[in-house]
Protein chains: 4
Amino acid sequence: MSESARPAVLGQNQYGKAETRVVRITRDGAVHHLKDLSVSVALSGRMEEVHLRGSNTHVLTTDTTKNTVFAFAKQHGIASAEEFGILLARHFVSSQSAISTARIRIEEYAWERVDAPGCGTARHSFVRSGQETRTAQITFDGERLEIVAGLKGLVVLNSTGSEFHGYIKDRYTTLKETTDRVLATEVNARWRYGRTDADWDACYRGTRELLLHAFAETYSYSLQQTLYAMGSRVIGQRPEVEEIRLSLPNKHHFLVDLAPFGLKNDNEVYYVADRPYGLIEATVLREGAEPGIPVDLTNL
Amino acid sequence: MSESARPAVLGQNQYGKAETRVVRITRDGAVHHLKDLSVSVALSGRMEEVHLRGSNTHVLTTDTTKNTVFAFAKQHGIASAEEFGILLARHFVSSQSAISTARIRIEEYAWERVDAPGCGTARHSFVRSGQETRTAQITFDGERLEIVAGLKGLVVLNSTGSEFHGYIKDRYTTLKETTDRVLATEVNARWRYGRTDADWDACYRGTRELLLHAFAETYSYSLQQTLYAMGSRVIGQRPEVEEIRLSLPNKHHFLVDLAPFGLKNDNEVYYVADRPYGLIEATVLREGAEPGIPVDLTNL
Amino acid sequence: MSESARPAVLGQNQYGKAETRVVRITRDGAVHHLKDLSVSVALSGRMEEVHLRGSNTHVLTTDTTKNTVFAFAKQHGIASAEEFGILLARHFVSSQSAISTARIRIEEYAWERVDAPGCGTARHSFVRSGQETRTAQITFDGERLEIVAGLKGLVVLNSTGSEFHGYIKDRYTTLKETTDRVLATEVNARWRYGRTDADWDACYRGTRELLLHAFAETYSYSLQQTLYAMGSRVIGQRPEVEEIRLSLPNKHHFLVDLAPFGLKNDNEVYYVADRPYGLIEATVLREGAEPGIPVDLTNL
Amino acid sequence: MSESARPAVLGQNQYGKAETRVVRITRDGAVHHLKDLSVSVALSGRMEEVHLRGSNTHVLTTDTTKNTVFAFAKQHGIASAEEFGILLARHFVSSQSAISTARIRIEEYAWERVDAPGCGTARHSFVRSGQETRTAQITFDGERLEIVAGLKGLVVLNSTGSEFHGYIKDRYTTLKETTDRVLATEVNARWRYGRTDADWDACYRGTRELLLHAFAETYSYSLQQTLYAMGSRVIGQRPEVEEIRLSLPNKHHFLVDLAPFGLKNDNEVYYVADRPYGLIEATVLREGAEPGIPVDLTNL
């Protein structure tokens, strides 16, 4: 049989409802609590029939997976994104014989309370807060439960404490070395937990703080060094984290040349470029851990 | 001469550099301060030559307007978005005889400090904060200076304290009345000041807080009522504000029907729809003020 | 009464449902036709009650305006975006005594047929086409009907035939003059018709073609000149158009300096910058016409 | 040593300049040709030094990778996205001893000529065309060259010829079965070639056409079935393709319930929902091929 005559076969496949936005209000008298999630379900299993012959016998519809998200929000509440994802992932695999693996991806949007003097004891007003989005991914294959948390859109900047020099100069190199530059990035991180129960909200807050502190405290000779400092800080101080993947776009702040106007720019005026941008990505693992987080965190 | 034979003439026109992103760092020893603006310049005046004959004799290039933004950030610093805009607007009109009006639009991005324990006395680390963007528009025509401030992207939600009923029912009405709903919106506001000097940052913070408080404290029978409560609160308590325009998309939170699953939804589980959405827009003015803010705040 | 004691009053206001996406299929045997619109309704009239006291007595809900869009798509079909908007605008004003003005904004998305050999005589497969979005705005105040058509997102480029020199040089000017540059822009246009019935689809196609041809055929000494050539071409050749507003961002293509690599760049290699960008905006009118299109086509 | 005491180590890492937008003009007398690419470079190799100690000795800067893109556009031209990516990938690996693998990702934007009557024989005017973006990914590890092509943003719709029924009904199922629905999706595809030289532009055009035809010609009982028909059509008719990954969001077109208005909706009026949406993803391979394309084509 010639090479091109080999027929087509079905490979990895998954399906489900993406981006179901659910808001869950819990009332504790006049004090309300709010959880705001976007939930994406991806199921896989024995799905040859539907792909090859269009038979839906083994298909739990994406519409049903959406309904399940809403019903579970009522029945179980949303203790945390991770808890909610675990419940959903276990449900799909355990209730459907054809489904062998469920992956639940969640974005969580942060709100804080508005403390208005005229509201008395009522506490039901909120304002969206922060730039970053919290993420969680729960995967269950019937046996193993994998929990990956993360964040994206956390924009940070050091206005000094960053140098860049000593790099390779080849025929195409024009960049000038510098001993004082602005270092700014938009942190995109995912970290995998080595356990399946924890105070997930506390883990998130703790990890986020370590990332911020490591960024601020690292005197930097390259964004790679800063990235590794951030990742190893998390591995070193959060024993529940086995692995962290960081994707750090270098949000270039270039010093404006003011000399043509007879002015000196003593690291005071910068222009911010959108594109192109350096993109630094790496995984930092606990020694001996198996890497499990995909390499591509951005959809470039 | 037939109607269609009437020739073409040039009407209102303006030009300039849009979205120049400038970051200004000010060093006070180890304590750094940061201003982060996107500045858009629009100039108009005697520009028939360039439109009709391609002669650039009266054209200050958009590239030069960009350079001016950077040079002014160095020479004058950025005391506030409004002060910076005033300086730029006055400069273009006073230095170029062909330019009669300059309009400067500014977006300002908020940063807060990262207080990391290992930074010692150094204070040069920042994280982007808040969801909203502050805006300012300064227009100078050689005589009159108009200052309009604003914000966009401020997302707020009341989880109760909102009813909606008593509206017109025509042939196409299917909406059910409700005495308890979630009310959420993304505040897009511009307000015009009646004066040309003030503590602009304090004015902004004060107005933003009034908008938040009025939203939270208003028991609402319609989003129009809430909008007017927000606008009139600002007019009533900020004497420097002559007029405010609010554009409030109704970020619909619909109660999920859980009855098919044998569950009761006691105002607990909502789904959030993206489109379509109600859009409520109005101007609230101080009695006797001339309206000056354009009606279209969104680019629908 | 002191100035600040003047109370707040309600100014211009409008409301309605924005971005209702309606797809209308018409079946002509096995040949299907498709119209794909996003419709935004804005109503205004005697709305003091709802703003000041929360009474919805005069409020036709935004939900009802959405339902009306769908019902009219069934009852009347969608002959063109303009025809559909005229029907809706007339309906709201004539059927509701409190509504004095209706403004309908429409975006139309283009599709073309997929001619697949295995489809036989069936013609029900489509692919989205083109980069640009067609727009229409119909305003009816009970007497006057105003029809404004437009497009946005039409990206065009001339790889030669553009010079730029002879401009003002002030203290902040660094730009080099050039006699051969790339000229590229994303056309954002709105034009107002002087009549209320026409073959609107033919008018749109004709105007779009004139814009493209005038851009291509104009040897340019400035983007302003090109803009005016485009606008006056439309006024000159489409007698039904009274006024056109063009907003043209200069999509800068900068020549890359290859000299450091020992290479000559003979107008061959360009890098494209996102921001900042020159923004050139102007109205071209038929002599004697009253300008009616707002100045801000972009939401800067 | 306790589990948490295991130290951090560096895992997979890569870096480079992302989204360098390069436009290459080639002049053939008055006839110009244009290539418009966004190029993202990712390099990996012996990078422990820079991550762990901030030493840039082995770092070719991201700025240099950007310069190389521009210089190569001049030196070699851009025969096709794939050819250009192969040249770049080989260059980085062969010229830098520390770099062991280079991955070049490219987006290509389509333009077509504007044929204006007044241009005479000049052919230097272009308009952006099509909705979809062509993609290419070239990976070279010093030995093996992997070439993956693709497209994204190709929106297609069948207005009939689609049924959906026979699926699982569980406690959370409410969806009604249908024997005639609109099927629409935005095709996101990547396919891996089994060879390293070919007429890449012809391969792209041929594959794109097969995807369109298979979508149009398949009478569908599920989007999974349509996906597999599209993938297997490519594997069956393009011998150079070893594997294709498709990610198909179900762009839901829901029939509007017009009964409350006394109207019948005979598959004529649909509303289009943005979110949530079904997302169907699968790989189709030539029998015996090793899957090589990552599962996540979207950045959910």
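What comes next is a walk through the structure. Predicted model only: the values in this text are computed from it and were never measured.

### Some words on the relation of the copies chain A and chain D
Then, number 1: With an RMSD of 0.0 Å, chain A superimposes on chain D once it is rotated by 180° and translated 0.0 Å along the axis. Look at the turn and shift together and you get a two-fold axis relating the two. No C-alpha of chain A lies nearer the rotation axis than that of Asn-299 of chain A, which sits 2.6 Å from it.

### Quick look at unusual backbone geometry
All names here are of chain A.
Then, number 1: Cis geometry marks the peptide bond from Arg-275 to Pro-276, where omega comes out at -5°.
Then, number 2: Following the sequence through the fold, Pro-276 ends up in the loop between strand E12 (269-272) and strand E13 (277-286).
Then, number 3: Phi is positive for Asn-267, which is not a glycine, with a value near 55°.
Then, number 4: Assessed through its relative accessible area of 13%, Asn-267 is described here as buried.

### A word on the packing of aromatic side chains
Then, number 1: Applying the stated rule across the entire model yields 32 aromatic pairs over all chains.
Then, number 2: Both rings, one in Tyr-193 of chain A and one in Trp-200 of chain A, keep their centres 4.9 Å apart while their planes meet at 50°; by these two values the pair is tilted. Across the pair, exposure class does not vary: Tyr-193 of chain A and Trp-200 of chain A are buried alike.
Then, number 3: Of the aromatic side chains, those joined through ring pairs into one cluster are Phe-70 of chain A together with Phe-254 and Tyr-271 of chain B.
Then, number 4: The ring centre of Phe-140 of chain B lies 4.9 Å from the NZ or CZ of Arg-90 of chain B, which sits over that ring.

### Thoughts on the interface of chain A and chain C
Then, number 1: Contacts between the two partners involve 8 residues from chain A and, on the opposite side, 8 residues from chain C.
Then, number 2: Summing the contributions of chain A and of chain C, the shared interface buries around 850 Å²; its carbon and sulfur component is 48%.
Then, number 3: In terms of surface lost to chain C, no three residues of chain A exceed Arg-171, Phe-261 and Asp-274 of chain A, which account for 58% of the buried area on that side.
Then, number 4: Linking chain A to chain C there are 2 salt bridges.
Then, number 5: The residue Asp-274 of chain A makes a salt bridge to Arg-275 of chain C at a minimum N-O spacing of 2.7 Å.
Then, number 6: Remark: the boundary between chain A and chain C carries 4 residue pairs in polar contact (both at pLDDT 80 or more).
Then, number 7: Partitioning the side of chain A that touches chain C into residue classes produces 4 nonpolar, 1 polar and 3 charged.

### Comments concerning the interface of chain A and chain D
Then, number 1: Across the contact, 89 residues belong to chain A and 88 residues belong to chain D.
Then, number 2: When chain A packs against chain D, close to 7700 Å² is buried across both sides, 50% of that on carbon and sulfur atoms.
Then, number 3: Per-residue buried area on chain A facing chain D is highest for Tyr-172, Tyr-228 and Leu-300 of chain A; these three make up 9% of the total on that side.
Then, number 4: Taken together, the connections running from chain A to chain D amount to 8 salt bridges.

### Points about the relation of the copies chain A and chain C
Then, number 1: For the pair chain A and chain C, the best superposition has an RMSD of 0.0 Å and corresponds to a rotation of 180° with a translation of 0.0 Å parallel to the axis.
Then, number 2: Of the residues that chain A buries at the interface, 100% are likewise interface residues in chain C, meaning the two copies contact each other through the same surface.

### Examining helix H4 (residues 200-217) of chain C
Then, number 1: If you check H4 of chain C, its first and last C-alpha atoms are 25 Å apart, about what 18 residues at 1.5 Å a residue would give, namely 26 Å.
Then, number 2: Within H4 of chain C, 13 of the 18 residues are buried, leaving the element largely enclosed by the surrounding structure.

### Some remarks on the packing of helix H2 (residues 62-76) of chain B against helix H3 (residues 81-95) of chain B
Residue and element names in this part refer to chain B.
Then, number 1: For the pair H2 and H3, interaxial distance at closest approach is 11 Å and the crossing angle is 125°. Of the possible angle classes, the one that applies to H2 and H3 is oblique. Every pair of crossing elements has a handedness; the one defined by H2 and H3 is right-handed. Of the residues in H3, those in contact with Thr-65, Thr-68, Val-69, Phe-72, Ala-73 and His-76 of H2 are Phe-84, Leu-87, Leu-88, His-91 and Phe-92.
Then, number 2: Of the residues assigned to the contact of H2 with H3, the class counts are 7 nonpolar, 4 polar and no charged.

### Let's talk about the side chain of Glu-163 of chain B
Residues and elements named next belong to chain B.
Then, number 1: Locating Glu-163 in the fold gives a position in the loop between strand E8 (145-158) and strand E9 (183-193).
Then, number 2: Although Glu-163 lies buried, it forms no salt bridge, and the closest oppositely charged side chain, Arg-181, sits 9.2 Å away as judged by the N-O distance.
Then, number 3: A polar atom in the side chain of Glu-163 sits 2.8 Å from the side chain of His-165.
Then, number 4: Leave out the neighbours within four places in its chain, and Glu-163 touches Thr-178, Thr-179, Arg-181, Tyr-219, Ser-220, Tyr-221 and Ser-222.

### Describing the nonpolar core
Then, number 1: Counting residues in hydrophobic clusters, the biggest one holds 152 residues, and the most contacted among them are Val-39, Phe-84 and Trp-191 of chain B together with Val-39, Phe-84 and Trp-191 of chain C.
Then, number 2: For Phe-84 of chain B, the residues in contact, after removing those within four places along its chain, are Leu-37, Val-39, Val-69, Phe-72, Ala-73, Gly-77, Ile-78 and Ile-106 of chain B.
Then, number 3: Membership of the second largest hydrophobic core comes to 151 residues, among which are Trp-200 and Cys-203 of chain A together with Ala-89 and Ala-102 of chain D.

### Remarks on the pattern of salt bridges
Then, number 1: A complete count under the given rule lists 107 salt bridges over all chains for this structure.
Then, number 2: With a shortest N-O distance of 2.7 Å, Arg-105 of chain C and Asp-296 of chain B are connected by a salt bridge. Taken together, the positions of Arg-105 of chain C in strand E4 (residues 99-108) and Asp-296 of chain B in the segment after strand E13 (277-286) put the pair across two chains.
Then, number 3: Via salt bridges that share partners, Lys-35, Glu-82, Glu-108, Arg-134 and Asp-201 of chain A belong to a single interconnected network.

### Brief notes about the environment of Ile-147 of chain C
Residue and element names in this part refer to chain C.
Then, number 1: Here Ile-147 is to be found in strand E8 (residues 145-158).
Then, number 2: A sequence separation of 36 residues divides Ile-147 from Leu-183, and the C-alpha atoms of the two residues are 31 Å apart.
Then, number 3: Not counting chain neighbours up to four residues away, the residues in contact with Ile-147 comprise Glu-82, Ile-86, Gln-137, Ile-138, Trp-191, Arg-192, Tyr-193, Arg-195, Thr-196 and Trp-200.

Reading guide: rules and limits
- Residues numbered from 1 in each chain as written.
- Chains lettered and ligands numbered in written order.
- Predicted model: local features only at pLDDT ≥ 70, side-chain atom pairs only at ≥ 80, totals over all residues.
- Heavy atoms only, no water.
- Least-squares fit on C-alpha atoms with pLDDT ≥ 70 in both.
- Helix = DSSP H or I, 4+ residues; strand = E, 2+ residues; numbered from the N terminus.
- Buried < 20%, exposed > 50% of the residue type's maximum accessible area, 1.4 Å probe, protein only.
- Phe/Tyr/Trp six-rings, centres within 6.5 Å; stacked < 30°, edge-to-face > 60°.
- Lys NZ or Arg CZ within 6 Å of the ring centre and 35° of its normal.
- Contact = heavy atoms within 4.5 Å.
- Buried area = accessible area lost by both parts, 1.4 Å probe.
- Salt bridge = Lys/Arg side-chain N within 4 Å of Asp/Glu carboxyl O.
- Polar contact = N/O pair within 3.5 Å; in protein donor to acceptor, adjacent residues only side chain to side chain.
- Nonpolar A, V, L, I, M, F, W, Y, C, P; charged D, E, K, R; others polar.
- Expected span 1.5 Å × (residues − 1).
- Axes fitted to C-alpha atoms, helices over the stretch in contact; angles between N-to-C directions.
- Parallel < 35°, antiparallel > 145°, perpendicular 65-115°, else oblique.
- Left-handed = near helix turned anticlockwise from the far one by under 90°.
- Lys, Arg positive; Asp, Glu negative; His and termini not counted.
- Core = buried A, V, L, I, M, F, W, Y, C linked by side-chain atoms within 4.5 Å.

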